[in-house]
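# Summary of the model geometry
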Amino acid sequence: MPNSPKDNLLRIQRILTGWQTLASGKSFGGMTLAQFQAAVQPSLDTRQNLDTLEDQIKQQQANRDSADEVSLTKAQQVVNGVLADPTEGPDSALYESFGYTPKRDRESGLTRKSKKMGTK
C-alpha cells in the first residue's frame, strides 16, 4: 500500500534532520547531504505551493461568499420589484421563471384533521 503524502513528508524530514544532526559530513547512497537536500527539494517546494494554493482557495471562497451576499440582496430587490409591478405581480410568468410558485398555484394551507372512528 502506498504511503500518504503526509507520511512521505515525515520520512523525508526525519532523514534530513537525522543526517544534519548526526552525520552531516558523511555520504550515503552515493550522495552528500547537500545533494540529498537538492534531490528532495522539489517535494518540499510542491508542498509549499499546495499550501499557498489552498490559502488562495480559502480566500477566493470567502470573496465569493461576500459577493453572493450582495448579489442575493440585489436579486431580492428585483423579485420585490416584479411583485410590485402592476403588469407583472405574483401571478406572472416572469415571477414563475425566477423559480417562485405563482400565487394561483399555491395551496391555501388549510388542513382538517380527519376523525378516526373506533379509537380512544
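Residues numbered from 1 in each chain as written. Predicted model: local features only at pLDDT ≥ 70, side-chain atom pairs only at ≥ 80, totals over all residues. Heavy atoms only, no water.

### Re the packing of helix α1 (residues 5-22) against helix α2 (residues 33-84)
Viewed as axis vectors pointing N to C, α1 and α2 meet at an angle of 150°, and their least axial separation amounts to 11 Å. When the axis of α1 is compared with that of α2, the two are roughly antiparallel. The hand of the α1/α2 crossing is left-handed. On the side of α1, the interface is formed by Pro5, Asn8, Leu9, Ile12, Ile15, Leu16, Trp19 and Gln20, while α2 contributes Leu33, Phe36, Gln37, Val40, Ser43, Leu44 and Arg47. (Axes fitted to C-alpha atoms, helices over the stretch in contact; angles between N-to-C directions. Helix = DSSP H or I, 4+ residues; strand = E, 2+ residues; numbered from the N terminus. Parallel < 35°, antiparallel > 145°, perpendicular 65-115°, else oblique. Left-handed = near helix turned anticlockwise from the far one by under 90°. Contact = heavy atoms within 4.5 Å.)

### Details of α2
Between its terminal C-alpha atoms α2 stretches 75 Å, which fits the 76 Å expected from 52 residues at 1.5 Å a residue. Within α2, the axis deviates most sharply at Val40, by approximately 40°, and proline Pro42 lies no more than four positions further along. Three or more residues of α2 are buried, namely Leu33, Phe36, Val40, Val79 and Val82. Residues of α2 that are buried in the fold lie against α1 and α3 (93-97). (Expected span 1.5 Å × (residues − 1). Bend = angle between axes of the 7 residues up to and from the residue. Buried < 20%, exposed > 50% of the residue type's maximum accessible area, 1.4 Å probe, protein only.)

### Quick word on the confidence of the model for the chain
The predicted model of the chain has a mean per-residue pLDDT of 93, with 96% of residues at 70 or higher. Summarising per-element confidence for the chain, the mean pLDDT is lowest in α3 (94) and highest in α2 (98). (pLDDT = per-residue confidence, 0-100.)

### Concerning the nonpolar core
Of all hydrophobic cores here, the largest spans 7 residues; its members are Ile12, Leu16, Trp19, Ala23, Leu33, Phe36 and Val40. Secondary-structure elements contributing two or more residues to this core are α1 and α2. Residues within four places of Ala23 in sequence aside, it is in contact with Gly18 and Phe28. (Core = buried A, V, L, I, M, F, W, Y, C linked by side-chain atoms within 4.5 Å.)

### As for the pattern of salt bridges
Across all of its chains, the model carries 3 salt bridges by this definition. Residues Asp65 and Arg64 are paired through a salt bridge, measuring 3.1 Å at the closest nitrogen-oxygen approach. The exposure class of Asp65 is partly exposed, given its relative accessible area of 39%. A relative accessible area of 44% means that Arg64 is categorised as partly exposed. Where Asp91 meets Arg104, a salt bridge forms, and the shortest distance between an N and an O atom there is 3.9 Å. Of this pair, Asp91 sits in the loop between α2 and α3 while Arg104 sits in the segment after α3, placing them 13 residues apart in sequence. Taken together, the salt bridges that share partners define one network made up of Asp91, Glu96 and Arg104. (Salt bridge = Lys/Arg side-chain N within 4 Å of Asp/Glu carboxyl O.)

### Description of the packing of aromatic side chains
Here the distance between the centres and the angle between the planes together describe a pair of aromatic rings. The full count for this structure, using the stated rule, is 3 aromatic pairs. Aromatic side chains Trp19 and Phe28 sit 5.3 Å apart centroid to centroid with 70° between the ring planes, which places their arrangement in the edge-to-face category. Owing to a relative accessible area of 8%, Trp19 belongs among the buried residues under this scheme. When the centroid spacing of 5.5 Å and the interplanar angle of 40° are considered together, the rings of Trp19 and Phe36 count as tilted. With Trp19 in helix α1 and Phe36 in helix α2, the pair connects residues that are 17 residues apart, well separated along the chain. Each of the two residues, Trp19 as well as Phe36, counts as buried. (Phe/Tyr/Trp six-rings, centres within 6.5 Å; stacked < 30°, edge-to-face > 60°.)

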